[in-house]
Amino acid sequence: MEGVRLGDCIGIREDVINKVCSIAIKAHKASGKQLYLSEKIRSSSQVVFSFPGSWSVTDWYSNTPFGEVKVDNQLFPSLKYIGLDETASVNEAFQHRFKQLWLNQHFRKEVGAAAADKKQVIFTGHCLGAPVAILAAIWFLEEYIRPDPNKTVAPLCLTFGSPFVGDHIISHSLRRENWSDCFINFVMGHDIVPRISLTPLSAIQHQLQQILSLFSPKPPREPLGEALIHFFITVLRNVSSVASHAACKIMGSTNLLLETVSNFIELSPYRPLGTFVFCTGNGKLVVVKNSDAILQLLFYTSQLNSEAELTAVAQSSITSHLNYQSELLESLEMQCVTFLDDHHLEALPLASDVDAEGNTALNELGLSARARLCLRAAGDLEKQKRNNQTAINLKLAEIENELRKLQGYQKKCQHKVGYYDAFKISEDREDFDANVTRLKLAGIWDEIIEMLKRYQLPDGYEGQKAWIDIGTRYRRVVEPLDIANYYRHLKNEDTGPYMDKGRPKRYKCTQRWLEHAERMTDPALESCFWAEVEELCVKSGGFGVREHACRLKSKAEEWIRNGWLDQDVFSKGSTFDKLLKEHFLTLEQPVAYQGMWK
């Protein structure tokens, strides 16, 4: 899409972008003097927090080849793949720098004051100040936006020549939470810094300190010559490996050689996040939000046409990083912007001479037919994810219908020995029908979980209220039947307790959705009530069973009051009723019940 203004694409005025860039460069040059700089933008209700750079290798890499570590869940609880319980990885050195900032009470107080005054906070940084800005923005979103999005103005994070911060789970999490648009990253065509993170330290450790010194306010006067060229080639070789592996995946390659090679060659875990604005160097800007497409562009825009260009482009990779302010000012004045959303990526022309929307900017970036094919594949992949979402959305009505059948069965069981025990005994035809419904629902949900495992659904899927609600109802209505089936067939004797060995992923996944959405501090285990009862029955004569049963009785009463559990768990003659009577525990009075499972 051509002819749009940059401010319309990314939601921030061009004059503010230019001002923020100036502030970021200012902080970059103040390295070592302050943890951060803050500045109010005149004639606006925006406050900018900028962060200094660093030219020490230890601030870029830690112990592992790529310096990654699992993210601190206390600071960043949303940075995870919820259903599958996978925590994001982040650059350890960058996270350490942010923690030093976070420990500064003055910083937190100043940010909090801006948030309370409903001023828009803008975090920014150039070079190594940029990853600190990104982590500060994520912390702000966790601290001020997630509890109540309407209470505080959403922040912005503008970076200039930023290295990558974390893996694909961070990018996934930001899109799931609808935070991705808060992050805008400006990249010059040949800037080497955004690509360094894709290279292991062992491959560049002899040149890295020399290269980093070039970004300092007082760079060395002597040219690096061969060291710079070797560094440039090494980085691009690793960028090529990562981008090629990613391209094979987004194109759906099933070649076993792909996985075999990746087992021997350690590839960088880092991936882009947010929106990227590519500066072509000729006053044109290309805006891309698709993470897979961004990675491919970072590779293909750094390619050489001939070996003769090597020295010039290697030098350009350094000067590009130092010239953001002047280049950006020129580009903002020209306002020649191309916005490549997923729909435009799907239809990109493969030939450079085709008169098509956006093709001029792609030519300016020097993209080959292969590059355009990779960008198309990235757009097609997102389209397929949307189609998969549409397909499973059609199953919502089917899931609802099957749940109503089981809730009707549950009402009938109240006149017997209760829902759980009636199904466990399974003497009547309606018990058989309930089992068929249980298996049918299991098939639907297992298909969804498999799609999640393969990243075949949009990133926002896990945060959709309709699926969180139906997943919670499904778990509360159906999991007791799975537990009954498990213990009826004595699977615990062969496999082990249900909670340790038998619980399907579909229940764990939907439970985590609810816990994340509701910001629950205690696990939502009401649907596993009967598994705990069964294990207490197995240990009936063991030490502490009576105390455990007493605590479980209290929890059951609370869950019934909340409407999360049905009061028929106390039905006369039920498994739980027998356990309580065995240990001289009785229900003193009926529990106030709010209705069948919410």
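Residues numbered from 1 in each chain as written. Predicted model: local features only at pLDDT ≥ 70, side-chain atom pairs only at ≥ 80, totals over all residues. Heavy atoms only, no water.

### Here we look at the overall build of the chain
Here is the rule we go by: A run of H or I in DSSP counts as a helix once it spans at least four residues, and a run of E counts as a strand once it spans at least two, with each numbered from the N terminus. The classification of residues rests on relative accessible area computed with a 1.4 Å probe and restricted to protein chains. Under 20% of the type maximum is buried, over 50% is exposed, and intermediate values are partly exposed. Note on contacts: a residue pair is in contact if any heavy atoms of the two residues lie within 4.5 Å.
Broken down by element type, the chain carries 26 helices and 15 strands. Dimensions of the chain along its principal axes, counting C-alpha atoms only, are 85 × 55 × 45 Å. Considering the chain as a whole, with its 598 residues, one finds that 55% of them fall into the buried category. Sequence-distant contacts in the chain: of pairs separated by 6 or more residues, those separated by 24 or more amount to 76%.

### Re the pattern of salt bridges
Inclusion rule: Salt bridges are defined by distance alone: a side-chain nitrogen of Lys or Arg within 4 Å of a carboxyl oxygen of Asp or Glu.
What the rule picks out here adds up to 32 salt bridges. Put simply, Glu346 and Arg386 hold a salt bridge, and the shortest N to O gap is 2.9 Å. Separated by 40 residues along the polypeptide, Glu346 in helix 14 (residues 342–346) and Arg386 in helix 16 (residues 369–393) bring together distant segments of the chain. For Arg386, a relative accessible area of 29% corresponds to the partly exposed category.

### With respect to the environment of Gly189
Structurally, Gly189 can be placed in the loop between strand 11 (183–188) and helix 7 (193–196). Owing to a relative accessible area of 17%, Gly189 belongs among the buried residues under this scheme. Separated by 175 residues in sequence, Gly189 and Glu364 place their C-alpha atoms 9.9 Å apart.

### A look at a nonpolar patch on the surface
The following threshold applies: Residues with no salt bridge and a relative accessible area higher than 30% make up the patches, which join like charges within 9 Å and nonpolar side chains (Val, Leu, Ile, Met, Phe, Trp, Tyr) within 5 Å. Areas reported here follow the Shrake-Rupley algorithm with a probe of radius 1.4 Å; residue values treat only the protein chains shown as occluding.
Residues Met251, Leu350 and Leu373 make up a contiguous nonpolar surface patch of roughly 220 Å² in combined accessible area. With respect to the helices and strands, the residue Leu350 is situated in the loop between helix 14 and helix 15 (359–364). A relative accessible area of 33% places Leu350 in the partly exposed class.

### Considerations on the packing of aromatic side chains
The test is simple: Working definition: a ring pair exists when centres of Phe, Tyr or Trp rings (six-membered ring for Trp) sit within 6.5 Å. Plane angles under 30 degrees give stacked, over 60 give edge-to-face, the rest tilted.
For the structure shown, the criterion picks out 32 aromatic pairs. Residues Tyr420 and Trp530 carry aromatic rings whose centres are separated by 4.2 Å and whose planes lie at 0 degrees to one another, so their mutual orientation is stacked. You can see Tyr420 sitting in helix 18 (residues 419–425) and its partner Trp530 sitting in helix 24 (residues 529–538), a full 110 residues away along the chain. Given the relative accessible area of 5%, Trp530 is considered buried. Between Tyr474 and Tyr507, the aromatic rings sit 5.4 Å apart at their centres with planes inclined by 20 degrees, giving stacked as the arrangement. Of this pair, Tyr474 sits in helix 20 (residues 465–488) while Tyr507 sits in helix 23 (residues 505–517), and the two are 33 residues apart along the sequence. These aromatic residues form a ring-pair network of at least three members: Tyr36, Phe49, Phe51, Phe76, Phe98, Phe107, Phe123, Trp139, Phe140 and Tyr144.

### Comments concerning the side chain of Thr199
Tracing the chain through its elements places Thr199 in the loop between helix 7 and helix 8 (201–213). Setting aside anything within four residues of it in sequence, one finds Thr199 in contact with Tyr61, Phe66, Ile204, Thr234, Val235 and Asn238.

### Observations regarding the packing of helix 25 (residues 545–562) against helix 26 (residues 575–582)
Selection criterion: Angular values range over 0 to 180 degrees, each being the angle between N-to-C directions of two axes fitted as lines to C-alpha atoms, with helices fitted over their stretch in contact. Note on angle classes: values under 35 degrees are labelled roughly parallel, values over 145 roughly antiparallel, values of 65 to 115 roughly perpendicular, and the remainder oblique. It is the rotation of the near helix from the far one that decides the hand of a crossing: anticlockwise by less than a right angle makes it left-handed, clockwise makes it right-handed.
Between helix 25 and helix 26, the shortest axis-to-axis distance is 10 Å and the interhelical angle comes to 130 degrees. Considering their axes alone, helix 25 and helix 26 lie oblique with respect to each other. Helix 26 is crossed by helix 25, and the crossing has left-handed handedness. Mapping the contact onto sequence places Ala549, Leu552 and Lys553 in helix 25 and Phe576, Leu579 and Leu580 in helix 26.

### Observations regarding the nonpolar core
What counts here: For this analysis, a nonpolar core means a set of buried residues of the types Ala, Val, Leu, Ile, Met, Phe, Trp, Tyr and Cys, connected via side-chain atoms within 4.5 Å.
The biggest cluster of nonpolar side chains holds 187 residues, and the ones touching the most others in it are Phe123 and Phe186. Top element by residues in this core is helix 9 (residues 226–250). It accounts for 12 residues. For Phe186, the contacting residues outside a window of four places in its chain are Leu6, Ile10, Ile17, Leu158, Thr159, Phe160, Gly161, Val277, Tyr324 and Leu328.

### Overview of the side chain of Ser291
Using the following cut-off: Two N or O atoms count as a polar contact when they lie within 3.5 Å, although within protein this holds only if one can serve as hydrogen donor and the other as acceptor, and sequence-adjacent residues are included solely when both atoms are side-chain atoms.
Structurally, Ser291 is set in helix 11 (residues 291–300). Residue classification places Ser291 among the buried positions, given a relative accessible area of 12%. A distance of 3.2 Å separates a polar side-chain atom of Ser291 from the backbone oxygen of Pro272. Not counting residues within four places of it along the chain, the set of residues in contact with Ser291 comprises Ser171, Arg175 and Pro272.

### Things to note about the environment of Trp559
With respect to the secondary-structure elements, Trp559 resides in helix 25. Discounting chain neighbours no more than four positions away, the residues touching Trp559 are Leu525, Glu526, Phe529, Trp564 and Leu565.

### With respect to the pairing of strand 15 (residues 336–340)
In plain terms, the rule: By the convention used here, strands pair only if DSSP detects at least 2 bridges between them.
Burial within strand 15 is extensive, with 4 of its 5 residues counted as buried. Here strand 14 (residues 284–288) runs beside strand 15; their pairing, made up of 5 bridges, is parallel. Counterpart to Leu285 in the pairing with strand 15 is Val337.

### What about unusual backbone geometry?
In this structure, Asn178 is a non-glycine residue whose phi angle is positive, near 60 degrees. Tracing the backbone shows Asn178 in the loop between helix 6 (168–176) and strand 11. Classification of Asn178 as exposed rests on a relative accessible area of 68%.

### Here we look at the packing of helix 11 against helix 16
So the rule is basically this: Basically, the charged four are Asp, Glu, Lys and Arg, the nonpolar ten are Ala, Val, Leu, Ile, Met, Phe, Trp, Tyr, Cys and Pro, and anything else, Gly included, counts as polar.
It is at 8 Å that the axes of helix 11 and helix 16 come closest, and there the two elements cross at 170 degrees. Considering their axes alone, helix 11 and helix 16 lie roughly antiparallel with respect to each other. The residues of helix 16 that touch helix 11, namely those facing Asp292, Ala293, Gln296, Leu297 and Tyr300, are Arg370, Ala371, Cys374, Leu375, Ala378 and Leu381. Among the residues forming the contact of helix 11 with helix 16, the class breakdown is 8 nonpolar, 1 polar and 2 charged.

### A closer look at the confidence of the model for the chain
Selection criterion: Predictor confidence is given residue by residue as pLDDT, running from a minimum of 0 to a maximum of 100.
With 92% of its residues at a pLDDT of at least 70, the chain reaches an overall mean of 89. With pLDDT under 50 throughout, residues 587–598 is counted as low confidence; its partners more than four residues away or in other chains account for 36 contacts.

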